[in-house]
Amino acid sequence: MLDQKLTTLLAVSELKNFTKAAETLSLTQPAVSHHISSLEHEYGIRIFVRGKGELKLTPEGEVVIRYAKRLNAMHEKLRQELVNAEKQLSRLRIGITHTAESNLISEVLAKYSIQNSGISVSLTTEPIGTLYSMLENYELDLAIVEGKPNNRDLFSLMLDTDYLVCVMSNNNPLAKNALITLEELKKQKMILRLPTSATRNLFESHLESTGESIADFDILLEVDNIATIKDLIRKDLGVSILARSACMDELRKGKITVLPIENLSMIRETNIVYHRDFDYAETLQTLVKIYKETVKQYR
C-alpha cells in the first residue's frame, strides 16, 4: 500500500492547495499539513514554498515529487499485476444442494476436476439458503442449485431444466401405470425431503395451487439424505417426491420407477449461481459443456 503521506503529497502538488487536498482526500487540513511536515522533517528539506497564492515546489521538492509519482505508478502496476495473476484460477470452491449431490452434478464436477488438474476443487453440500449466504460472503465461488436467487448481487446461468416425479419401488402395484393421481398418492406411505428443502417447497406449493394440503398425505419419514430415501424406496418401504435428475443412475439400471403426478407439472431450473464479481466466464462455459456431454450418456 502506498504510504498515506506520499498520497497526500501528490494531491497537494497537483492541487497546489492544502485545503483542496484535504477535501479531496477526506482529511482535515491539519492532517494534510502534518503529512507534509513529516516528509520535510524526514528528508531534511523544504518541499513547498509557503506564501500567498498557490503553493510552489522547491528544487528539492521537485525531486521528491518525481520519485513519489514513480512510486505511485509502480504501486498501480503492482495492483494490476495482482489482478492479472488472480485471473489464472487456481482454486474453485463449489457449493451444491443435497439434490445436486445425488444427480449428475457430482459426476460433472469430478470430470471438471480431472480435466483441470491445475485447479483445486473443493465441494460443499448445504441447504440452498446456506449456499446463498456463503456466496454473498465470498466463502464460495459457485453454487449449483434448483431455482434462481432473489439477490441482485448473485447472477445465474441455467444449466438444465428438471421436474419432480413420484419415485417408487419396481414392486409397487402402481409401478406399471403411466402416471399416479393425487388420490392414489394419498394412500401411499411417503418418505419426503425435509420441509426446508427446495424439493419439498416446490411440491407443497404445487399442491396448494390445486387446493390440496400436505397434511392430507401419509408421511412416514422426513429425510435429508437423498441416497437414504432412494435406498428405502428400493426396499419398497414407501414412495417419494424427488427431482428426476436425482434418479438418473437408478433409472438407467432399472432399479426404481418414476411416474409423473396428474395435474402437477413441477418443472424447475437447475442453475449455476455466482457472485457478480466472479470473473471467469470460461469456467462457467466449461462446466456447461461437460454437463451437456454427460447428460447425453444418460438420455
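Here goes a summary of the coordinates provided. (Residues numbered from 1 in each chain as written. Predicted model: local features only at pLDDT ≥ 70, side-chain atom pairs only at ≥ 80, totals over all residues. Heavy atoms only, no water.)

Examining the overall build of the protein
The helix and strand inventory of the protein stands at twelve helices and eleven strands. What you see for the protein is a C-alpha radius of gyration of 31 Å, clearly larger than the 19 Å of a compact globule of 299 residues, by over 25%. Referenced to the eigenvectors of the C-alpha coordinate spread, the extents of the protein come out at roughly 100 × 40 × 25 Å. Within the protein, the proportion of its 299 residues that are buried is 43%. About 16,400 Å² of surface is accessible on the protein, with carbon and sulfur atoms providing 50% of the total. Where the 37 positive side-chain charges of the protein centre and where its 40 negative ones centre are 5 Å apart. (Helix = DSSP H or I, 4+ residues; strand = E, 2+ residues; numbered from the N terminus. Rg over C-alpha atoms; globule rule 2.2 N^0.38 Å. Buried < 20%, exposed > 50% of the residue type's maximum accessible area, 1.4 Å probe, protein only. Areas by Shrake-Rupley, 256 points an atom, 1.4 Å probe, with all protein chains shown as cover. Lys, Arg positive; Asp, Glu negative; His and termini not counted. Charge placed at Lys NZ, Arg CZ, Asp CG, Glu CD.)

Overview of the nonpolar core
The tendency in soluble globular proteins is for nonpolar side chains to be buried side by side. Grouped together as the largest cluster of nonpolar side chains are 35 residues, with contacts concentrated most on L185, F203, I241 and I261. Looking at this core, the elements that each hand over two or more residues are β6 (154-169), α8 (182-186), β7 (189-192), α9 (198-209), α10 (226-234), β9 (240-243) and β10 (256-259). Take this core: its biggest share by element is five residues, from β6. Excluding residues that lie within four positions of it along the chain, I261 makes contacts with C166, I180, L182, L185, F203, I241 and M266. A100, V108, I272 and L284 belong to the second largest nonpolar core, which has 26 residues in total. (Core = buried A, V, L, I, M, F, W, Y, C linked by side-chain atoms within 4.5 Å. Contact = heavy atoms within 4.5 Å.)

Notes on helix α7 (residues 128-136)
Since the α-helix advances by 3.6 residues per turn, residues separated by three or four positions end up pointing in the same direction. Within α7, burial applies to I128, L131, Y132, M134 and L135. Taken end-on, α7 shows its buried residues confined to a sector of 160 degrees, consistent with a single buried face. The inward-facing, buried residues of α7 abut β3 (91-96), β4 (120-125), β5 (142-146), β6 and β11 (267-275). Positive backbone phi, at 60 degrees, marks Y138, one or two positions downstream of α7. (Arc of directions from axis to C-beta.)

Some words on the environment of T58
With respect to the helices and strands, the residue T58 is situated in the loop between β2 (56-57) and α4 (59-86). In sequence terms T58 and I45 are 13 residues apart; their C-alpha atoms lie 9.0 Å from each other. For T58, the contacting residues outside a window of four places in its chain are R46, I47, F48 and V49. In this structure the side chain of T58 is engaged in a polar contact, spanning 2.4 Å, whose partner is the backbone oxygen of R46. (Polar contact = N/O pair within 3.5 Å; in protein donor to acceptor, adjacent residues only side chain to side chain.)

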